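Each chain, written out:
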Amino acid sequence: MHLGAYNAHIDHLTSEWRRLMDKNGFDAAAIYAGQNQTFFGDDQEPPFHAYGHFLRWVPQSDCEHAVVVVRMDEQPVLLWHTPSDYWYLPSDAPDFAKDAFDVQTFADLGELRRSLDQLIHTCSNVAHVGKTLASTSPTANSSRNDRLVRQLDYQRAYKTEFEQLCMKDATALGVLGHQAAARAFSEGESEYQIHHAFLRASSQHEAELPYPSIVAMNTHAATLHYQKYDREPAPEICSLLIDAGAKSHCYHSDITRTYAANGNEEFAELIDAVDHAQRGIIEVITIGKSYLDLHEEMSQKISEILTSLRFLTCSPATAYESMLVDAFFPHGLGHLLGLQTHDVGGRIVEESGREVPPHNRYESLRLLRSIEPNMIFTIEPGIYFIPSLLDQWRGHQDVNWTKVDRFTKYGGVRVEDNVFVSPDGPVNLTRNAFSDASVGA
Ligand code: GLY
Ligand code: MN
Ligand code: MN
């Protein structure tokens, strides 16, 4: 735990929240970790995922039912639930929170709720951020409450020093996993075995992953969020796309690498081209530029790759303007990253909380803001051979169908790094972690 940076992070959050609460007419805010739900008709639960705004205050995943209360003058209060339980091991309030909060621990949930009601009883306007546990509901303040949450979502894009450190650690852990996965692939292991190599090297169990790892060999890489793990390697191994990350103090990394199996130099050439274009787009990141412009530039670079490697026979400009390129690159260039893999606030373009709708052409582009210092986002271009998308262009004269159809066996390429925007420009956390681990990215 980076304790000094964490305490400074809490000071920053306290003043940021008070400023936004005041602006929206609130004198207190209750922030809820949330509670789990059982599966339908069952007594079992999925792994608990706490609400991001709570985790930003208290980055500890075992925090069900906990509440943070922020008021204008008093120290923030952390109400913590530690039941007496012999079915599951309860968690104590984290030590790192003890200086930053007035920590109050309850064995009984009813007691916790009563204390929460008492705490906020003396405040006249309470914002409820998350699913409320208090007996008062936020209905009366709902539009102000919603606006406050959008403004808080907007601010989550700017990472404090503590958050930057956690995300650097999460990236380093993810890189350890990727290195082990690459070794397992070169040794002929199956998707299932590669998945386990990643877990072991990044020291995670499945429920701790930031998102289910995508371990896709051959045609499986054409399913963008492929979710199965074949137990046996395919008879002919052509490629591997692995999109897998790690967490550190609840902050995520999100990393993708693609590999060609030996003897598939034509696919290695395509990976190199995407890798080169990905590095190139990171180099032109500047403060104030819009992320949408970056996506469009990448779409043009992908058009150039497709024409120069003769997948397409038209000009790059035609591939871009006719939207043929979108069949090969059907997702956004990237997204904000933080306490969620697809972090909140990507389409909230102003501090006021104004949200814009998805882009007409690039509906799945999750980030439409301008690039500002202290943001962390992914840059993840790809080229895929997805039968259902290619079928919409089947027979089109600008496509070299012989080559495109031959490449369907590789599924596709994605190269994904995590980029921190320092005041001096972009810092590639992922490539830096690969270099620190002394292995080429
Ligand atoms: N791992 C999901 C994504 O890259 O967005
Ligand atoms: Mn990813
Ligand atoms: Mn991503």
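Further up the page is the structure itself.
Residues numbered from 1 in each chain as written. Chains lettered and ligands numbered in written order. Predicted model: local features only at pLDDT ≥ 70, side-chain atom pairs only at ≥ 80, totals over all residues. Heavy atoms only, no water.

**Focus on the coordination of the manganese ion (ligand 3)**
Distances from the manganese ion (ligand 3) to its protein donors, namely Asp-254 (OD), His-335 (NE2), Glu-380 (OE) and Glu-416 (OE), fall within the range 2.0 to 2.1 Å. Considering all six donor atoms around the manganese ion (ligand 3), the spread of angles at the metal, 50 to 156°, places the coordination shape in the irregular class. Look at where the donors of the manganese ion (ligand 3) fall in the sequence and you get D-x80-H-x44-E-x35-E. Taken as a pair, the manganese ion (ligand 3) and the manganese ion (ligand 2) show a spacing of 3.3 Å, with Asp-254 coordinating each metal. A residue pair is termed long-range when its members are at least 10 positions apart, and Asp-254 in the loop between β9 (251–252) and β10 (255–260) and His-335 in the loop between α10 (325–328) and β11 (376–379) qualify at 81 residues. Classification of Asp-254 as buried rests on a relative accessible area of 3%. (Donors = N, O, S within 2.8 Å, 3.2 Å for Na, K, Ca; no water. Tetrahedral: all angles 85-135°; square planar, octahedral: opposite > 155°, others 65-115°. Helix = DSSP H or I, 4+ residues; strand = E, 2+ residues; numbered from the N terminus. Buried < 20%, exposed > 50% of the residue type's maximum accessible area, 1.4 Å probe, protein only.)

**Some points on the packing of aromatic side chains**
Tallied over the full model, the rule gives 15 aromatic pairs. Aromatic side chains Phe-185 and Tyr-259 sit 6.3 Å apart centroid to centroid with 35° between the ring planes, which places their arrangement in the tilted category. A residue pair is termed long-range when its members are at least 10 positions apart, and Phe-185 in helix α5 (residues 161–186) and Tyr-259 in strand β10 qualify at 74 residues. Seen in terms of ring centroids, Tyr-291 and Phe-377 are 5.2 Å apart; in terms of plane orientation they differ by 75°. Their pairing is edge-to-face. Of this pair, Tyr-291 sits in helix α8 (residues 291–308) while Phe-377 is found in strand β11, placing the two residues 86 residues apart along the sequence. Phe-377 matches Tyr-291 in its accessibility class, with the two residues each being buried. Put simply, the rings of Phe-267, Phe-311, Phe-328, Phe-385, Phe-407 and Tyr-410 touch in pairs and so form one group of aromatic residues. Positioned above the aromatic ring of Phe-26 is the side chain of Arg-144, whose terminal nitrogen or guanidinium carbon lies 4.7 Å from the ring centre. Here Lys-403 stacks its cationic end above the ring of Phe-311, 4.6 Å away from the centre of that ring. (Phe/Tyr/Trp six-rings, centres within 6.5 Å; stacked < 30°, edge-to-face > 60°. Lys NZ or Arg CZ within 6 Å of the ring centre and 35° of its normal.)

**Structural notes on the sheet that holds strand β7 (residues 239–244)**
The strand order β6-β7-β10 describes an open sheet built from three strands, whose pairing is antiparallel. The two strands at the open ends of the sheet, each matched to only one other strand, are β6 (214–217) and β10. Between one strand axis and the next, the sheet turns through 10° on average, direction left out of account. Pairing geometry for β7 and β10, over six bridges, is antiparallel. (Pairing = 2+ DSSP bridges. Axes fitted to C-alpha atoms, helices over the stretch in contact; angles between N-to-C directions.)

**Quick word on the site of ligand 1**
All residues adjacent to ligand 1 are Tyr-211, His-225, Asp-243, Asp-254, His-335, His-342, Glu-380 and Glu-416. Its free accessible area being 200 Å², ligand 1 has 94% of it covered by the protein chains. With respect to the detected pockets, ligand 1 is housed in the second largest pocket. Here the shell around ligand 1 is composed, by residue class, of one nonpolar, three polar and four charged. (Near = heavy atom within 4 Å. Areas by Shrake-Rupley, 256 points an atom, 1.4 Å probe, with all protein chains shown as cover. 1 Å grid on protein atoms, 1.4 Å probe; cavity = no way out; pocket = protein on both sides within 12 Å on 5 of 7 lines; lining within 4 Å. Sits in = over half its atoms within 2 Å of the grid points. Nonpolar A, V, L, I, M, F, W, Y, C, P; charged D, E, K, R; others polar.)

**Quick word on the nonpolar core**
Formed by 54 residues in total, the largest nonpolar core has its most connected members in Leu-270, Tyr-291, Phe-328, Phe-377, Ile-379, Ile-383 and Phe-385. For Phe-377, the residues in contact, after removing those within four places along its chain, are Ile-285, Tyr-291, His-335, Leu-336, Leu-337, Leu-367, Ile-371, Asp-417, Asn-418, Val-419 and Val-421. Formed by 43 residues, the second largest nonpolar core is a distinct cluster that contains Leu-13, Trp-17, Phe-26 and Trp-57. (Core = buried A, V, L, I, M, F, W, Y, C linked by side-chain atoms within 4.5 Å. Contact = heavy atoms within 4.5 Å.)

**Brief notes about the coordination of the manganese ion (ligand 2)**
Around the manganese ion (ligand 2), the donor atoms from the protein are Asp-243 (OD), Asp-243 (OD), Asp-254 (OD) and Glu-416 (OE), and they sit 2.0 to 2.3 Å away. Around the manganese ion (ligand 2) sit six donor atoms; with metal-centred angles ranging over 57 to 171°, the donor geometry is irregular.

**Digging into helix α7 (residues 265–283)**
Here α7 contains 19 residues, and its C-alpha end-to-end distance of 27 Å stays within 8% of the 27 Å for a straight helix at 1.5 Å per residue. Residues of α7 that are buried: Phe-267, Leu-270, Ile-271, Val-274, Asp-275, Ala-277, Gln-278, Gly-280, Ile-281 and Ile-282. (Expected span 1.5 Å × (residues − 1).)

**Focus on the layout of surface pockets**
The rolling of a water-molecule-sized probe over the atoms marks out the regions of remaining empty space. Size it by volume and the largest pocket reaches roughly 1,300 Å³. In this structure, the largest pocket is lined by 43 residues; those nearest its centre are Pro-47, Phe-48, Ser-61, Asp-62 and Cys-63. Class assignment of the residues belonging to the lining of the largest pocket gives a composition of 18 nonpolar, 18 polar and seven charged. Volume-wise, the second largest pocket comes out at about 340 Å³. (Points joined across faces, edges and corners; volume = space filled by probe spheres on them.)

**Notes on empty space enclosed by the protein**
For the structure shown, the criterion picks out one cavity of 30 Å³ or more. Space inside the largest cavity adds up to approximately 30 Å³. Lining the largest cavity are Tyr-32, Ala-33, Gly-34, Gln-35, His-65, Ala-66, Lys-131 and Leu-133. A class-by-class count of the residues in the lining of the largest cavity yields four nonpolar, three polar and one charged.

**Focus: the side chain of Thr-258**
Note that Thr-258 resides in strand β10. One polar contact links the side chain of Thr-258 to the main-chain carbonyl oxygen of Arg-414, over a distance of 2.7 Å. Among residues more than four places away in sequence, those in contact with Thr-258 are Leu-240, Leu-241, Phe-267, Ile-271, Gly-412, Val-413 and Arg-414. (Polar contact = N/O pair within 3.5 Å; in protein donor to acceptor, adjacent residues only side chain to side chain.)

**Description of the sheet that holds strand β2 (residues 67–71)**
The five strands are arranged β4-β3-β2-β1-β5 in an open sheet whose pairing can be described as mixed. Because the sheet does not close on itself, it has two edges, and the strands there are β4 (102–106) and β5 (126–129). On average, each strand axis in the sheet is inclined to that of its neighbour by 15°, with strand direction left out of account. Across three bridges, the pairing between β2 and strand β3 (residues 77–81) is antiparallel. Bridge assignment links Val-67 to a residue of β3, and that residue is Leu-79. The strands touched by helix α1 (residues 3–23) within the sheet are β1 (28–32), β2 and β5, with β1 carrying the most contacts at an inclination of about 120°. With respect to the sheet, helix α3 (residues 109–121) is in contact with β1, β2, β3, β4 and β5, its orientation differing from that of β3 by roughly 165°.

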